[in-house]
Amino acid sequence: MNSIEKLTELFLKFPGVGMRQARRFVYFLLSMPSSFLKELASSLLNLSQTVKQCQSCWRFFEENTEEKVCALCANTEDKSLLVIVEKDVDLENIRAGGVFKGGYFVLGGLLSPLSQNSLARMRELSIRIQNEKILQEIIIALGAHPNGDYTAQQLKKILVPHIKEQDITITTLGRGLSTGTEIEYSDSETIKNALESRK
Ligand SMILES: [Zn+2]
């Protein structure tokens, strides 16, 4: 495989990128000066070296510390609330809304009723919840589509022992999120309404 084919194949792994676009990216890079390519290459290398995954919420973070937990988790204002989201961008979007003061947990994927897959971070979620001393409510904030709904149902089942033992309520986002909506693309007003009307 030559360099062009190799890079095309790598771009094909990106979300939403098809063959045509992958090739466009490669030819775009070929048209750029070598200084740009070097900068891009070193940024990619830096990603794996400086970005860590928080051992509490599992989002990616970059801080000049040896801490295993991100500043967002370390400085959670309201520890009685925990929101579960699918991915990092969803967390960032809720955070940008500025109304939610509780803790976060990034699932890192969704379950699908068709593909019998399992959630990679279920164990981490259980451990996290067990370690929460004053947690009162878990808000499941997944996209309003079949996989989001299915994952929410499964989470509720899995979390039953915690709800009983630790007396925790589980809620999901309320009105404002219309069917098919991704948290990632919702504006802060919509997220605020959905959080306030959780049920
Ligand atoms: Zn964190």
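These numbers come from a predicted model, not from an experiment.

Details of the overall build of the protein
Point 1. Along the backbone of the protein there are nine helices and six strands.
Point 2. Along the longest, intermediate and shortest principal axes, the C-alpha atoms of the protein span 60 × 40 × 35 Å.
Point 3. Looking at the 199 residues of the protein, the share that counts as buried comes to 24%.
Point 4. Partitioning the intrachain contacts of the protein with sequence separation of at least 6 by distance along the chain shows that 54% fall at a separation of at least 24.

Observations concerning the sheet that holds strand S4 (residues 103–106)
Strand pairing in a sheet relies on backbone hydrogen bonds, with the paired strands running either antiparallel or parallel.
Point 1. Pairing is parallel in the open sheet, where four strands are placed in the order S4-S3-S5-S6. Either end of the sheet is taken by a strand with one partner, and the two such strands are S4 and strand S6 (169–172). Put simply, the sheet's adjacent strands are angled 25 degrees from each other on average, direction ignored.
Point 2. In the sheet, strand S3 (residues 81–85) pairs with S4 via four bridges, with the strands oriented parallel. The partner of Val85 across the bridge, within S4, is Val106.
Point 3. Against the sheet, helix H5 (residues 88–97) touches S3 and S4, its axis set at about 135 degrees to S3.

Describing the domain arrangement of the protein
Point 1. Each assigned domain of the protein is listed with its residue range as follows: domain 1 (3–50) and domain 2 (60–196).
Point 2. In this structure, domain 1 and domain 2 have C-alpha centres spaced 32 Å apart.

A closer look at the packing of helix H1 (residues 3–12) against helix H2 (residues 19–31)
Point 1. In contact at an axis separation of 8 Å, H1 and H2 are set at 125 degrees when each is read in the N-to-C sense. What the angle tells us is that H1 and H2 run oblique. Pair H1 / H2 crosses with right-handed handedness. Contacts between H1 and H2 involve Ile4, Leu7, Thr8, Phe11 and Leu12 from the former and Met19, Ala22, Arg23, Phe25 and Val26 from the latter.
Point 2. Counted by class, the contact of H1 with H2 contains eight nonpolar, one polar and one charged residues.

Section: unusual backbone geometry
Residues other than glycine predominantly adopt negative phi, and peptide bonds predominantly adopt the trans conformation.
Point 1. The phi torsion at Trp58 lies on the positive side, around 70 degrees, for a residue other than glycine.
Point 2. For Trp58, the location among the structural elements is in the loop between strand S1 (52–53) and strand S2 (60–61).
Point 3. Among the residues examined, Trp58 registers 22 C-beta atoms within 10 Å and is labelled buried.
Point 4. Its identity as a non-glycine residue notwithstanding, Asp167 has a phi of 55 degrees, on the positive side.
Point 5. Note that Asp167 resides in the loop between helix H8 (160–166) and S6.

Digging into the environment of Thr181
Point 1. Its place among the elements puts Thr181 in the loop between S6 and helix H9 (188–196).
Point 2. Considering only alpha carbons, one finds Thr181 and Leu142, 39 residues apart in sequence, at a separation of 9.2 Å.
Point 3. With near-sequence residues (within four places) excluded, Thr181 lies in contact with Gly143, Ala144 and Ser186.

A look at the nonpolar core
Point 1. Membership of the largest hydrophobic core comes to 34 residues, with the highest contact counts inside it found for Val83, Ile84, Val85, Phe105 and Ala141.
Point 2. Secondary-structure elements contributing two or more residues to this core are S3, H5, S4, helix H6 (122–131), strand S5 (137–140), helix H7 (146–158) and H9.
Point 3. The element that contributes the greatest number of residues to this core is S3, accounting for five residues.

Some details on the environment of Tyr104
Point 1. Positionally, Tyr104 belongs in strand S4.
Point 2. Tyr104 sits 35 residues away from Ile139 along the chain, and the two C-alpha atoms are 9.5 Å apart.
Point 3. For Tyr104, the residues in contact, after removing those within four places along its chain, are Cys57, Arg59, Leu72, Val83, Val85 and Leu91.

Conventions we followed
- Residues numbered from 1 in each chain as written.
- Predicted model: local features only at pLDDT ≥ 70, side-chain atom pairs only at ≥ 80, totals over all residues.
- Helix = DSSP H or I, 4+ residues; strand = E, 2+ residues; numbered from the N terminus.
- Buried ≥ 20, exposed ≤ 12 C-beta atoms within 10 Å, placed from the backbone.
- Contact = placed C-beta atoms within 7 Å.
- Pairing = 2+ DSSP bridges.
- Axes fitted to C-alpha atoms, helices over the stretch in contact; angles between N-to-C directions.
- Domains from an automatic or database assignment.
- Parallel < 35°, antiparallel > 145°, perpendicular 65-115°, else oblique.
- Left-handed = near helix turned anticlockwise from the far one by under 90°.
- Nonpolar A, V, L, I, M, F, W, Y, C, P; charged D, E, K, R; others polar.
- Core = buried A, V, L, I, M, F, W, Y, C linked by C-beta atoms within 7 Å.

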